[in-house]
Amino acid sequence: MSKVSLTGIKPTGDVHIGNYFGAIKPALRLAETYEARYFIADYHALNTVKNRDELVQNIRSVAASWLAAGLDPNRVIFYRQSSIPETFELSTILMCFTAKGLMNRAHAYKAAVQANLEKGEDPDAGINMGLYTYPVLMAADILLFDTHVVPVGKDQVQHVEMAQDIAQALNYNYKKDLLVIPQALIQEEVAVVPGLDGRKMSKSYNNTIPLFVPEKQLRKLIMRIVTNSQTVEEPKDPDKCQIFALYKLFATAEEQAQLAQRYRAGGMGWGEAKEALFQVMNRELTPIRERYEAYMANPAELDRILAEGAEKARAIARQTIQRLRRAIGIEW
Ligand code: TRP
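*Asks:* Can you tell me about the pattern of salt bridges, naming the residues and giving the values?
*Replies:* The final tally for this structure, using the stated rule, is 19 salt bridges. Notably, a salt bridge pairs Asp 237 with Lys 240, separated by 3.3 Å at the nearest N-O pair. Where Glu 255 meets Arg 283, a salt bridge forms, and the shortest distance between an N and an O atom there is 2.8 Å. Placement of the pair is Glu 255 in helix H12 (residues 253-265) and Arg 283 in helix H13 (residues 270-296), with a sequence separation of 28 residues. With relative accessibility at 19%, the residue Glu 255 sits in the buried group. In this structure Arg 283 comes out as partly exposed when scored by relative accessible area, which is 44%. Three or more residues joined by partner-sharing salt bridges are found here, namely Glu 89, Arg 325 and Glu 331.

*Asks:* So what's going on with the site of the ligand? Which residues, and what values?
*Replies:* Around the ligand, a shell composed of Gly 8, Lys 10, Phe 39, Ala 41, His 44, Tyr 134, Met 138, Asp 141, Ile 142, Val 150 and Gln 156 is seen. Tyr 134 is positioned with one of its side-chain polar atoms (N or O) 2.7 Å from a nitrogen atom of the ligand. Asp 141 is positioned such that a nitrogen or oxygen atom in its side chain is 2.8 Å from a nitrogen atom of the ligand. Considering the ligand on its own, with 360 Å² of exposed area, one finds that the protein chains cover 89% of that surface. The greatest single-element share of the shell around the ligand, amounting to four residues, is contributed by helix H8 (residues 134-143). The class makeup of the residues in the shell around the ligand is six nonpolar, three polar and two charged.

*Asks:* Quick one: what's the story with the pairing of strand S5 (residues 183-186), residue by residue and with numbers?
*Replies:* Across four bridges, strand S4 (residues 149-152) lies against S5 in parallel orientation. Bridging across to S5, Val 150 finds its partner in Ala 184. On the question of chirality, the crossover connecting S4 to the parallel S5 by way of helix H9 (residues 157-174) is right-handed.

*Asks:* Which residues make up the packing of aromatic side chains, and what are the values?
*Replies:* One pass over the full model with this rule turns up 12 aromatic pairs. Pairing Phe 21 with Phe 250 gives two aromatic rings, centres 5.2 Å apart and planes at 85°, and the pair type is edge-to-face. With a gap of 229 residues between them, Phe 21 in helix H1 (residues 17-29) and Phe 250 in helix H11 (residues 242-250) connect regions that are remote in the sequence. Of the two residues, Phe 21 and Phe 250, both sit in the buried class. Taking the centre distance of 5.2 Å and the plane angle of 80° together, the rings of Tyr 43 and Phe 88 count as edge-to-face. With Tyr 43 in helix H2 (residues 42-45) and Phe 88 in helix H4 (residues 85-95), the pair connects residues that are 45 residues apart, well separated along the chain. For Tyr 43, a relative accessible area of 41% puts it in the partly exposed group. Taken together, Phe 244, Tyr 247, Tyr 263 and Trp 270 form an aromatic cluster joined through their ring pairs. Sitting over the ring of Tyr 172, Lys 175 keeps its end group 4.0 Å from the ring centre. Lying across the ring of Trp 270, Lys 236 places its NZ or CZ 5.5 Å from the centre.

How each quantity is defined
Residues numbered from 1 in each chain as written. Predicted model: local features only at pLDDT ≥ 70, side-chain atom pairs only at ≥ 80, totals over all residues. Heavy atoms only, no water. Salt bridge = Lys/Arg side-chain N within 4 Å of Asp/Glu carboxyl O. Helix = DSSP H or I, 4+ residues; strand = E, 2+ residues; numbered from the N terminus. Buried < 20%, exposed > 50% of the residue type's maximum accessible area, 1.4 Å probe, protein only. Near = heavy atom within 4 Å. Polar contact = N/O pair within 3.5 Å; in protein donor to acceptor, adjacent residues only side chain to side chain. Areas by Shrake-Rupley, 256 points an atom, 1.4 Å probe, with all protein chains shown as cover. Nonpolar A, V, L, I, M, F, W, Y, C, P; charged D, E, K, R; others polar. Pairing = 2+ DSSP bridges. Right-handed = clockwise from strand over helix to strand, strands pointing away. Phe/Tyr/Trp six-rings, centres within 6.5 Å; stacked < 30°, edge-to-face > 60°. Lys NZ or Arg CZ within 6 Å of the ring centre and 35° of its normal.

Pasting the structure below:
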C-alpha cells in the first residue's frame with residue numbers, strides 16, 4: 001500500500017444523502033487500497049465565501065460531516081489546506097511553470113467570461129485572480145503530496161489534467177522526475193440517488209434530504225416524496241419506484257426482497273412504503289447524526305484532530321518543498 005490518494009473537500013456546508021453515497025462513502029473506501037489523505041480546501045472556498053462566520057461554520061461542519069461518516073483520523077491523514085504553508089510556496093513555484101494560455105482554457109474561468117459577455121459586460125468583470133489561478137493552487141495541493149490518484153467528479157477532471165501539464169513542464173525543465181504525475185480517478189456513479197421529486201438528488205433541484213436532519217424532519221421529508229396515483233390494492237413495481245430505490249441504499253438484501261414482495265402482492269399503499277423507508281434510513285442515519293452533533297458541540301476536539309493531521313501532512317510537505325528548492329536553485 002504505497003500509492004497515495006488525495007481527496008480535496010470544498011467546505012460548502014450542508015451535506016445530503018446524495019453526497020454521502022455518491023462522494024463520501026466511495027472516497028472513504030479508498031483508504032482500503034491507498035495511503036489515503038483528505039483535506040479541507042478552505043482557501044479554495046475563500047473564492048466564493050467572503051463572510052467570516054460562514055467560512056468558519058462551513059469548515060467545522062464539513063470536518064464534522066466526514067468524521068461522522070466514518071473518516072478515521074488515526075488511519076488516514078485529515079487536515080486543512082490552510083494549515084500547510086508549503087502549499088502556497090509550491091503554488092508560487094508552479095506559477096512560473098504554468099502557461100497563462102492554459103488558465104485561459106479552464107472551464108470555470110471560461111464560463112465566467114462567457115456569462116459576462118452575454119450580459120454585455122467587460123469579459124473579466126467580477127473575476128478575481130483567485131478564480132483565475134484556482135487550477136494552480138489545486139495542482140499544488142495535489143503535487144505537494146506525491147499523489148498518484150485523485151478521486152474527482154467529471155467537473156474536476158480538467159483540473160487534474162492541468163496539474164499533470166504543470167508537473168510535466170517542471171520535470172521537463174530540470175530533466176528529473178521531481179513531481180509525481182497524478183491520475184484522475186473518476187468516481188463512477190455507485191448509485192444514482194433519487195431526490196424527493198424523483199430527479200437526481202441535487203442542491204440545484206432543491207430536492208435533497210440533508211444527511212443530518214433531525215428524526216422528525218426526516219420523516220416529514222420522506223412523506224413528501226412524490227408518488228403516482230396507484231391505489232392501495234394495485235400491485236406495484238419496485239423497480240420503477242424512487243421510494244424503493246432509496247430503500248435499497250439502506251436496507252439489507254433480505255429486507256429488500258421482503259418489501260419487493262409487498263409491492264408486487266398489492267394491498268400496500270405508498271404511506272406504508274414510506275414508513276418502511278423511514279425506518280431503515282433512520283436506523284443508519286441516527287448514529288451518524290449523533291456523531292455529527294457531538295463534533296459540532298465540541299469544536300476544540302475538531303481543531304485538535306485537524307491540527308494533528310496537519311502535523312503529519314506537513315512532515316511530508318516539507319520534504320517535497322526541500323527537494324524542489326534544491327532542484328530549482330533556491331536552496332543548496
Ligand atoms: N476543486 C475541488 C472542488 O471544487 C476541490 C479541491 C481543491 C480538490 N483542491 C483539490 C480536489 C485537490 C482534489 C484535489 O471540488
